[in-house]
Structure formats: C-alpha cells, structure tokens
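Fold and contact review
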Amino acid sequence: MRIDVVSIFPEYLSPLELSLIGKARTTGLLDLHVHDLRTWTTDRHRTVDDAPLGGGAGMVMRPEPWAAALADVREAGRRTLEEPDAVPHLLVPSPAGVPFTQAMAHELADEAWLAFACGRYEGIDERVLDVAAEQGPVTPVSLGDYVLNGGEVAVLAVVEAVARLLPGVLGNPESVVEESHAPATGGLLEAPVYTRPATWEGRSAPDVLLSGHHAKVAAWRREQSLRRTAARRPDLLERLDAAQLTRADRAV
Ligand SMILES: N#Cc1ccccc1Cn1ccc2ccc(-c3cc(N)[nH]n3)cc21
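First things first, this report covers the structure right here in the doc.

What counts as what
Residues numbered from 1 in each chain as written. Predicted model: local features only at pLDDT ≥ 70, side-chain atom pairs only at ≥ 80, totals over all residues. Heavy atoms only, no water. Helix = DSSP H or I, 4+ residues; strand = E, 2+ residues; numbered from the N terminus. Buried < 20%, exposed > 50% of the residue type's maximum accessible area, 1.4 Å probe, protein only. Contact = heavy atoms within 4.5 Å. Areas by Shrake-Rupley, 256 points an atom, 1.4 Å probe, with all protein chains shown as cover. Lys, Arg positive; Asp, Glu negative; His and termini not counted. Charge placed at Lys NZ, Arg CZ, Asp CG, Glu CD. Pairing = 2+ DSSP bridges. Axes fitted to C-alpha atoms, helices over the stretch in contact; angles between N-to-C directions. Arc of directions from axis to C-beta. Core = buried A, V, L, I, M, F, W, Y, C linked by side-chain atoms within 4.5 Å. Salt bridge = Lys/Arg side-chain N within 4 Å of Asp/Glu carboxyl O. Phe/Tyr/Trp six-rings, centres within 6.5 Å; stacked < 30°, edge-to-face > 60°. Near = heavy atom within 4 Å. Polar contact = N/O pair within 3.5 Å; in protein donor to acceptor, adjacent residues only side chain to side chain. Nonpolar A, V, L, I, M, F, W, Y, C, P; charged D, E, K, R; others polar.

Within the protein chain, the regular secondary structure consists of 8 helices and 9 strands. Taken along the three principal axes of its C-alpha coordinates, the protein chain extends 70 × 45 × 40 Å. The proportion of buried residues among the 252 residues of the protein chain is 40%. In the protein chain, the share of contacts with a sequence separation of at least 24, taken over all contacts with a separation of at least 6, comes to 71%. Approximately 14,700 Å² of the protein chain is accessible, and the part contributed by carbon and sulfur atoms is 53%. Measuring between centres, the 25 positive side-chain charges of the protein chain sit 7 Å from its 36 negative side-chain charges.

Our focus in this paragraph is the sheet that holds strand 2 (residues 31-36). Taken together, the 5 strands give an open sheet; going across it, the order is 2-1-6-5-7, and neighbouring strands pair in parallel fashion. Edge positions in the open sheet fall to strand 2 and strand 7 (138-142), since each of these has one partner strand only. The mean inter-strand angle of the sheet, taken between neighbouring strand axes irrespective of direction, is 30°. Taken strand by strand, helix 4 (residues 126-133) contacts strand 5 (89-99) and strand 7, and its axis lies near 135° from that of strand 7.

Every buried residue of helix 3 (residues 102-109) is listed here: Gln102, Met104, Ala105, Leu108 and Ala109. Buried residues of helix 3, seen end-on, are gathered within an arc of 155° and therefore sit on one face of the element. Tucked into the core, helix 3 has its buried residues touching strand 5, strand 6 (113-117), strand 7 and helix 5 (152-163).

In this structure, Ile3, Leu30, Phe100, Leu108, Leu114, Phe116 and Val162 are the most contacted members of the largest nonpolar core, which totals 31 residues. When residues of this core are assigned to their parent elements, the largest contribution, 7 residues, is made by helix 5. Membership of the second largest hydrophobic core comes to 18 residues, among which are Trp40, Met61, Ala69 and Leu90.

Our next topic: the pattern of salt bridges. Within this structure, the stated rule accounts for 8 salt bridges. Among the ionic pairs, Arg120 bridges to Glu152, the shortest N-O distance being 2.9 Å. Of this pair, Arg120 sits in the loop between strand 6 and helix 4 while Glu152 is found in helix 5, placing the two residues 32 residues apart along the sequence. Just as Arg120 is buried, Glu152 falls in that class too. Close ionic contact of Arg227 with Glu223 constitutes a salt bridge, the shortest N to O distance being 2.8 Å. Here Glu223 and Arg227 lie together in helix 6 (residues 214-232), a separation of 4 residues that amounts to about one turn.

The next thing to look at is the packing of aromatic side chains. Going through the model one piece at a time under the given rule, you end up with 1 aromatic pair. On the numbers, 6.4 Å between centres and 55° between planes, the contact of Tyr194 with Trp220 is tilted. One end of the pair, Tyr194, is in the loop between helix 5 and strand 8 (199-200); the other, Trp220, is in helix 6, and 26 residues separate them in sequence. A residue is classified by how much of its surface remains accessible, and Trp220, at 15% relative accessible area, is buried.

Here we take up the site of the ligand. Neighbouring residues of the ligand: 17 residues in total, closest Pro93, Leu143, Gly144, Tyr146 and Leu148. One nitrogen or oxygen atom from the main chain of Tyr146 is found 2.6 Å from a nitrogen atom belonging to the ligand. Look at the ligand: alone it shows 500 Å² of surface, and the protein chains cover 85% of it. With 3 residues, the top contributor of residues to the shell around the ligand is strand 5. Its residues assigned to classes, the shell around the ligand shows 7 nonpolar, 8 polar and 2 charged.

Keep in mind that these numbers describe shape and distance, not what the molecule does.
Written out as structure tokens, the structure is:
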C-alpha cells in the first residue's frame, strides 16, 4: 500500500517511523510519503491561510497550495505505482467527517493507495475537496465528537488502524480477529485480559483462564464481552442483529 500525507507540520507524522508501522515501511509493506504543504506556496512568507469569506473567527487554508500539492502527489504516485490512471482515495480528517470505524479501516486496508490532507486553522477551502472529488474518491473522516487543532493526530490514528490490518504487519494475524470492534465478534468490546502471575497484590485472575478448558475460556470471554459492551457501549449491542446473538448470549 502507498500512503501520501500532506501537512504543514510533517514532523507531526514522525511516530509513523516507529514500531510496527515503521518496520512495515522498512520492509516495503507500506510505502509512506509525508509532504510539507508549504512546498507548494509561491510567496516569500509561504502563506497557506487567509481570512474566511463571510467573516467569522480563525483562518481558512487557501486552495492554491492544496491544489498544487494534490496534483503533484497524484503524479508522483502514478509514476511509482506505474499506473498512469491510478488515483488515491483522499481522506480528509474533519470534525464534520464520516465517523472512522474498524469497518472503514478494513475497507481502506483493501485499497492500494490512500492520501491524507491534514487541515489546520478552521479547515481547508471546500473547493479543494470539490476539485479532488472530480479526480477520485474523497472522504472526510472524523475520529469522534470532539475537536482537535488539526488533522495530523487523526492521520496517525487512521494510518495505524489501517496499516496494522495489512498482511505481514502484525506478528500474529490472529490478534485482529478477537479484538474490540472486530467483525468476527460482531463488533463487541473485547473481554478483560490477564497474564502471569496468576495472583498479584492479593488479586487472582479468573480461575477459568487457568483451567486449560478452551471451550469454557471462550464462553467466559464471550460473556465478559457482552457484559462490558452492555455497560460501556449499549449502542453496539443494538446494532447486533438477532442472528449474531446466541441463546447463551441472551442469557447474560
Ligand atoms: N476543520 C476544522 C476545525 C473546525 C473548527 C475548529 C477547529 C478545527 C480544527 N481542525 C483543522 C483541521 C482539522 C482536522 C481534523 C479535526 C478534527 C477531527 C476530529 N474528529 N476532531 N477534530 C480538526 C481540525
């Protein structure tokens, strides 16, 4: 997978050089390019923002640098992918975006090329997204119902959530099967986890986990998932259709 990120704070994306995502880049599983939007400014002050039309607080990111940056990103990606007609799926973090979910992470992990436009100030001139949508898919994405200062933190989260799903990135691909929000668990929250020592500070891990009885462990984990989901995210339970809840589930 190729990923391009455009930002006025490219150093904000440095954490993507670390850990498993960093290893995925060095092994070639992930081809990630971070670009400084100011590269595409033409004035001596390298200006990327201006006052909002119609008035209001803050500043808006000017369309010209973004249009030039995205055009160059498209050209560079086409050369690297050796696909002259390829276009990236452009993801634009925004408080007004579509909620980013694990299901979306799985969908994005199946794509060959993603590009991220990291806004700052009060956002990017809307015409940038309109023009980009004439070239390929554009999706404004939200991490949640709170406001960040810019798109970089959202990009770190989305890139990590997507890249970890790429084959070969995680040591044990099984670990994405049973985690919270995984399709295989119907999107339930994962059960509590424990490790050695079996008793710590006078607190013992649940006996069933030491029983060696895999079916009982699985049943306990399912019950814990349901209880935790009911307590913390009842909205996720409402989404489960009847077929996904067993008789045992309903008894919890
Ligand atoms: N846009 C905007 C905006 C609008 C009002 C106030 C502050 C901002 C700051 N901002 C600029 C870029 C940008 C990108 C993503 C988020 C973002 C995403 C989630 N889920 N929360 N916040 C915020 C962003």
